[in-house]
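Below, each chain spelled out in residue letters.
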Amino acid sequence: MISDSIAERAALQRFLPGEKLGDVTSITPIRLGLSGAGVYAVTTESGEFVLRLQGRRADDSFWTQHILILRRAAAIGVAPRVVYVDEEGRAVVSARINGVSLPAVLADPAVRQHAIADLVTRVRALHTIEPTGVAERDPVAFARGIWESQRPRGGFPAWAGNLGSAFDELGTLLARDTRRVVSHNDVNPGNILWDGARTWLVDWEVAGLGHPYYDLAAFVTFLGLDREQANALLSLQEDSPLDDNAFATLASLRRLVALAIGNVFLSLTQDLGTVVPRTREEAPTLAELRTGMRAGAVDLQTPQGQAMFGLAYLRIATER
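Residues numbered from 1 in each chain as written. Predicted model: local features only at pLDDT ≥ 70, side-chain atom pairs only at ≥ 80, totals over all residues. Heavy atoms only, no water.

Peer 1: How should the overall build of the chain be read in this particular structure?
Peer 2: The number of helices and strands found in the chain is 12 helices and 10 strands. Dimensions of the chain along its principal axes, counting C-alpha atoms only, are 60 × 45 × 40 Å. Taking the contacts inside the chain whose residues are at least 6 apart along the sequence as the reference set, 70% of them involve residues at least 24 apart. When the accessible surface of the chain is totalled, it reaches about 15,200 Å², and 51% of it is carbon and sulfur. Across the chain, the 32 positively charged side chains and the 37 negatively charged ones have centroids separated by 2 Å. (Helix = DSSP H or I, 4+ residues; strand = E, 2+ residues; numbered from the N terminus. Contact = heavy atoms within 4.5 Å. Areas by Shrake-Rupley, 256 points an atom, 1.4 Å probe, with all protein chains shown as cover. Lys, Arg positive; Asp, Glu negative; His and termini not counted. Charge placed at Lys NZ, Arg CZ, Asp CG, Glu CD.)

So this is what it looks like as structure tokens:
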């Protein structure tokens, strides 16, 4: 059980109606990511489910959009089936996928390429969803806002402190290329489940209209794929011949993603003074950090590990 507290259990059960789910037999917290939402594995007499408590936030206006997109994505098999929504409590109950997060299978060469290709086909399907009622989310404004909040901090790397023109260029790119599709907007490996045969996308709270390359840009940036691999996946997603301009757009969006991720990771660390390298070249690379994680020398759950990953993504974002 989640707790011996009757009051705590009762507080969660209000989001688990018996007429929809049957009698609850267990509630177990699931390890949380960066979103801060409360997530619980729930077992009832009728099956296994996931309860996600969004809570009320400053961006509550996007709650309705979040649910709208989630339902449409579930209807085409990109997201798990939605079982129950509590609008007032900002709670969603979905069918639980019997599987693991994508990072757990990426190290297996027998599965890796199939899983990656399958994810790309899910993203392509997601982008066909009816966009009526869906507003755009601005990734440039988000990334710039996080950067502007971080750069005045003591210890913030000087080599990443003068990037205003980069955000201007990225904003101009997206203003000029007006293509928009329904997008997940946070396709990181931790939000992808593998059930042994196919992938599923979870954690839809920042979904909205976005550029059709943005989801893939996020995915390949998190994986640290090289340009050739990323371009091949874009061709798979678009299922049509692409020109150099398309690949250049993907590269620009990868830079935008790296700027956002890097600053988000740094924002998790209270003290940057002891971890920040003086030059970009001294910053760790993603490859080095992943080697360190496998050896047990780097822990992404610690402030220092988060800062190291933040610096690695900023190194990518400032590459020329």
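Peer 1: Got a minute to help me understand the pairing of strand 2 (residues 38-44) in this structure?
Peer 2: The side chains of a regular strand alternate between both faces of the sheet. Among the 7 residues that make up strand 2, 6 are buried, leaving the element largely enclosed by the rest of the structure. Pairing of strand 1 (residues 24-29) with strand 2 involves 5 bridges; the strand directions are antiparallel. Bridge assignment links Pro29 to a residue of strand 2, and that residue is Tyr40. One ladder, built from 7 bridges, connects strand 2 with strand 3 (residues 47-53); its direction is antiparallel. Bridged to Val42 within strand 3 is Phe49. As consecutive antiparallel partners, strand 2 and strand 3 are separated by 2 residues. (Buried < 20%, exposed > 50% of the residue type's maximum accessible area, 1.4 Å probe, protein only. Pairing = 2+ DSSP bridges.)

Peer 1: Sorry, what's going on with the pattern of salt bridges here?
Peer 2: Between side chains of opposite charge, pairing is possible as soon as their charged atoms come close. On inspection of all chains with the given rule, the structure shows 8 salt bridges. Note that Asp203 is salt-bridged to Arg52, the shortest N-O span being 2.9 Å. Of the two residues, Asp203 is situated in the loop between strand 9 (199-201) and strand 10 (208-210) and Arg52 in strand 3; the sequence distance between them amounts to 151 residues. Since its relative accessible area comes to 15%, Arg52 is described here as buried. The salt bridge involving Arg52 is made with Glu205; its shortest N-O contact spans 3.3 Å. Pair noted here: Arg52 is in strand 3 and Glu205 is in the loop between strand 9 and strand 10, with a separation of 153 residues, a long-range link. Taking relative accessible area as the criterion, Glu205 reaches 14% and is therefore assigned buried. (Salt bridge = Lys/Arg side-chain N within 4 Å of Asp/Glu carboxyl O.)

Peer 1: Honestly, helix 3 (residues 63-75) in this entry has me stumped. Any pointers?
Peer 2: Note that an α-helix has 3.6 residues per turn; residues three or four places apart therefore point the same way. In this model helix 3 runs 18 Å from its N-terminal to its C-terminal C-alpha over 13 residues, within 8% of the 18 Å that 1.5 Å per residue would give. All buried positions along helix 3 are accounted for by Trp63, Gln65, His66, Ile67, Ile69, Leu70, Ala73 and Ala74. Buried residues belonging to helix 3 abut strand 4 (82-86), strand 5 (91-95), strand 7 (181-183) and strand 10. (Expected span 1.5 Å × (residues − 1).)

Peer 1: Quick question: what am I supposed to make of the nonpolar core here?
Peer 2: General note: in soluble globular proteins, nonpolar side chains tend to be found buried as a group. Core analysis: the largest hydrophobic core is formed by 81 residues, its most contacted members being Leu201, Trp204, Phe219 and Leu256. Of the residues forming this core, the biggest block, 12 residues, is contributed by helix 10 (residues 244-267). Filtering out sequence-adjacent residues up to four positions away, Leu256 remains in contact with Pro139, Val140, Ala143, Leu170, Leu174 and Tyr214. (Core = buried A, V, L, I, M, F, W, Y, C linked by side-chain atoms within 4.5 Å.)

Peer 1: Got a minute to help me understand the side chain of Asp203 in this structure?
Peer 2: Classification of Asp203 as buried rests on a relative accessible area of 14%. Side-chain polar atoms of Asp203 contact the side chain of Arg52, separated by 2.9 Å. (Polar contact = N/O pair within 3.5 Å; in protein donor to acceptor, adjacent residues only side chain to side chain.)

Peer 1: Which parts of the structure should I look at to understand the sheet that holds strand 3?
Peer 2: Think of a sheet as strands paired side by side through backbone hydrogen bonds, with each pair either parallel or antiparallel. Pairing in this open sheet of 5 strands is antiparallel, and the strands run 1-2-3-5-4 from one edge to the other. The two strands at the open ends of the sheet, each matched to only one other strand, are strand 1 and strand 4. Pairs of neighbouring strands in the sheet enclose a mean axial angle of 20°, with direction left out of account. Bridge analysis of strand 4 against strand 5 gives 4 bridges, and the strand direction is antiparallel. From the neighbouring strand, Val82 faces strand 5, where its bridge partner is Ser94. (Axes fitted to C-alpha atoms, helices over the stretch in contact; angles between N-to-C directions.)

Peer 1: Looking at this structure, how should I read unusual backbone geometry?
Peer 2: Outside of glycine, negative phi angles account for most residues, and trans bonds account for most peptide bonds. Positive phi outside glycine occurs at Arg90, with the angle close to 55°. With respect to the secondary-structure elements, Arg90 resides in the loop between strand 4 and strand 5. Taking the relative accessible area as the measure of exposure, Arg90 reaches 12% and is therefore buried. Phi angles above zero are rare outside glycine, and Asp239 is one such case at about 50°. Relative to the helices and strands, Asp239 resides in the loop between helix 9 (227-238) and helix 10. On the basis of relative accessibility, which here comes to 62%, the residue Asp239 falls in the exposed class.

Peer 1: Help me out: how do you make sense of the packing of helix 10 against helix 12 (residues 303-317) in this one?
Peer 2: Two quantities define a packed helix pair, namely the angle between the helix axes and the distance between the axes. Between helix 10 and helix 12, whose axes approach to 7 Å, the crossing angle comes to 155°. As judged from the angle between their axes, helix 10 and helix 12 are roughly antiparallel. Here the hand of the crossing between helix 10 and helix 12 comes out left-handed. On helix 12, the residues that touch Arg255, Ala258, Leu259, Ile261, Gly262, Asn263, Phe265 and Leu266 of helix 10 are Gln306, Ala307, Phe309, Gly310, Leu311, Tyr313, Leu314, Ile316 and Ala317. Of the residues contributing to the contact of helix 10 with helix 12, the split by class is 12 nonpolar, 4 polar and 1 charged. (Parallel < 35°, antiparallel > 145°, perpendicular 65-115°, else oblique. Left-handed = near helix turned anticlockwise from the far one by under 90°. Nonpolar A, V, L, I, M, F, W, Y, C, P; charged D, E, K, R; others polar.)

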